[in-house]
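Spelled out from the first residue to the last, the chains are:
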Amino acid sequence: LTDQVTITEDSISCLTRGDAHIGMQPGEIISMEDALYALLLASANEVAHAIAETVGKEMGGDYNTFIQAMNDKAQELGCTNSHWVNPNGLHDDQHYTTAHDMALIAAAVYQYDEFRKITQTMSYTIGPTNLVNESRTFQQKHMMLASWDEDYYEYATGGKTGYTDKSRTTLVTMADNGELELAAVVLYDFGADAYADTRAMFEYAFNNFSKVML
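Brief notes about helix 4 (residues 63-76)
Since one α-helical turn is 3.6 residues long, residues separated by three or four positions face the same way.
Argument step 1. In this model helix 4 runs 20 Å from its N-terminal to its C-terminal C-alpha over 14 residues, within 8% of the 20 Å that 1.5 Å per residue would give.
Argument step 2. When we look at burial in helix 4, the residues that qualify are Tyr 63, Phe 66, Ile 67, Asn 71 and Ala 74. The arc that holds the buried residues of helix 4, viewed along the axis, is 140 degrees, so those residues lie on one side. More than 90 degrees from the buried face of helix 4, the exposed residues found are Gln 75 and Glu 76.
Argument step 3. On its buried side, helix 4 packs onto helix 3 (45-58).
Argument step 4. Capping the start of helix 4 is the job of one residue whose side-chain oxygen sits 3.1 Å from the backbone nitrogen of Asn 64: Asp 62.
Argument step 5. Where helix 4 terminates, the next one or two residues include Gly 78, which has phi positive at roughly 100 degrees.

Here you go:
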């Protein structure tokens, strides 16, 4: 988490009008911890790209090394119909997944304490950097985790929002009612309907299923 992440020209050039970002500049340096908060809370696409470049180098390769590792890990987790070509989910015809595969990934990433800590954070501030003197503050976008919001869900414990013009609203959510831990995935949904649909899925599962020791 203390590794340095450098924002490159490639990190910025991957953005198009309307893509989520936090206004990073080429040459800026932040910690991996700050980068993960920007990724998971603010959906910062340029930071996602920079993370891939940084970790790829740590693996002894480059950006493409990281992308290959994403595909290898997905296969290892049992994903059957996913193919990644970038680290942020911006549209590409060769970049795709399914609700089944995203649920497997959600279950796997939820095992990491740091992921749970970050994804449950409501607000985070990245302080001044080597190039920018001002702080950047961003808020949690997953409203099922926000106690003040009408879409708040008491059992929700983490998750990630998503949107592109092609994929529409996508949402991955984890929930725990004290008896079951569940992951719910909705793809190609519409705005706040994603929260209502996710809640309905959770309530159905919580009310109709239980763990039984054989």
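Now that the structure is up, let's keep going.
As for the packing of helix 3 against helix 4
Argument step 1. Interaxial distance between helix 3 and helix 4 falls to 7 Å at its minimum, and their mutual angle equals 95 degrees. One element, helix 3, and the other, helix 4, form an angle in the roughly perpendicular class. Residues His 49, Ala 52, Glu 53, Val 55 and Gly 56 of helix 3 form the contact with helix 4, whose participating residues are Tyr 63, Thr 65 and Phe 66.
Argument step 2. The class makeup of the residues in the contact of helix 3 with helix 4 is 4 nonpolar, 3 polar and 1 charged.

A closer look at the packing of aromatic side chains
Argument step 1. For the structure on display, the rule yields 8 aromatic pairs.
Argument step 2. Residues Tyr 153 and Phe 202 carry aromatic rings whose centres are separated by 5.7 Å and whose planes lie at 5 degrees to one another, so their mutual orientation is stacked. Residue Tyr 153 is located in the loop between strand 4 (136-139) and strand 5 (156-164), and its partner Phe 202 is located in helix 7 (residues 193-208); the two are separated by 49 residues in the primary sequence. In this pair, the class of Tyr 153 matches that of Phe 202, namely buried.
Argument step 3. Taking 6.1 Å as the distance between ring centres and 20 degrees as the angle between the ring planes, the aromatic pair formed by Phe 202 and Phe 206 counts as stacked. Taken together, the residues Phe 202 and Phe 206, both in helix 7 and 4 residues apart, mark about one turn of the helix. Considered together, Phe 202 and Phe 206 belong to a single accessibility category, that of buried residues.
Argument step 4. One aromatic cluster is present, built from ring pairs that chain together Tyr 153, Tyr 155, Phe 202 and Phe 206.

So, the nonpolar core
Argument step 1. Core analysis: the largest hydrophobic core is formed by 26 residues, its most contacted members being Ile 22, Ile 30, Ala 38, Val 47, Ile 126 and Phe 138.
Argument step 2. Sorting the residues of this core by element identifies helix 2 (32-42), helix 3, helix 6 (113-119), strand 3 (123-126) and strand 6 (168-176) as the ones contributing at least two each.
Argument step 3. Looking at this core, the element that brings in the most residues is helix 2, giving 7 residues.

Considerations on the pairing of strand 5
Argument step 1. Sheet analysis places strand 5 next to strand 6, joined by 8 bridges and oriented antiparallel. Residue Gly 159 lies in a different strand from strand 6, and its bridge partner there is Thr 173.
Argument step 2. The loop that links strand 5 with its antiparallel partner strand 6 comprises 3 residues.

Quick look at the side chain of Thr 54
Argument step 1. Structurally, Thr 54 can be placed in helix 3.
Argument step 2. You can call Thr 54 buried: its relative accessible area is 11%.
Argument step 3. Apart from the residues lying within four places of it in its own chain, the contact partners of Thr 54 are Gln 4, Val 5, Thr 6 and Met 32.

Quick notes on the rules
Residues numbered from 1 in each chain as written. Predicted model: local features only at pLDDT ≥ 70, side-chain atom pairs only at ≥ 80, totals over all residues. Heavy atoms only, no water. Helix = DSSP H or I, 4+ residues; strand = E, 2+ residues; numbered from the N terminus. Expected span 1.5 Å × (residues − 1). Buried < 20%, exposed > 50% of the residue type's maximum accessible area, 1.4 Å probe, protein only. Arc of directions from axis to C-beta. Contact = heavy atoms within 4.5 Å. Polar contact = N/O pair within 3.5 Å; in protein donor to acceptor, adjacent residues only side chain to side chain. Axes fitted to C-alpha atoms, helices over the stretch in contact; angles between N-to-C directions. Parallel < 35°, antiparallel > 145°, perpendicular 65-115°, else oblique. Nonpolar A, V, L, I, M, F, W, Y, C, P; charged D, E, K, R; others polar. Phe/Tyr/Trp six-rings, centres within 6.5 Å; stacked < 30°, edge-to-face > 60°. Core = buried A, V, L, I, M, F, W, Y, C linked by side-chain atoms within 4.5 Å. Pairing = 2+ DSSP bridges.

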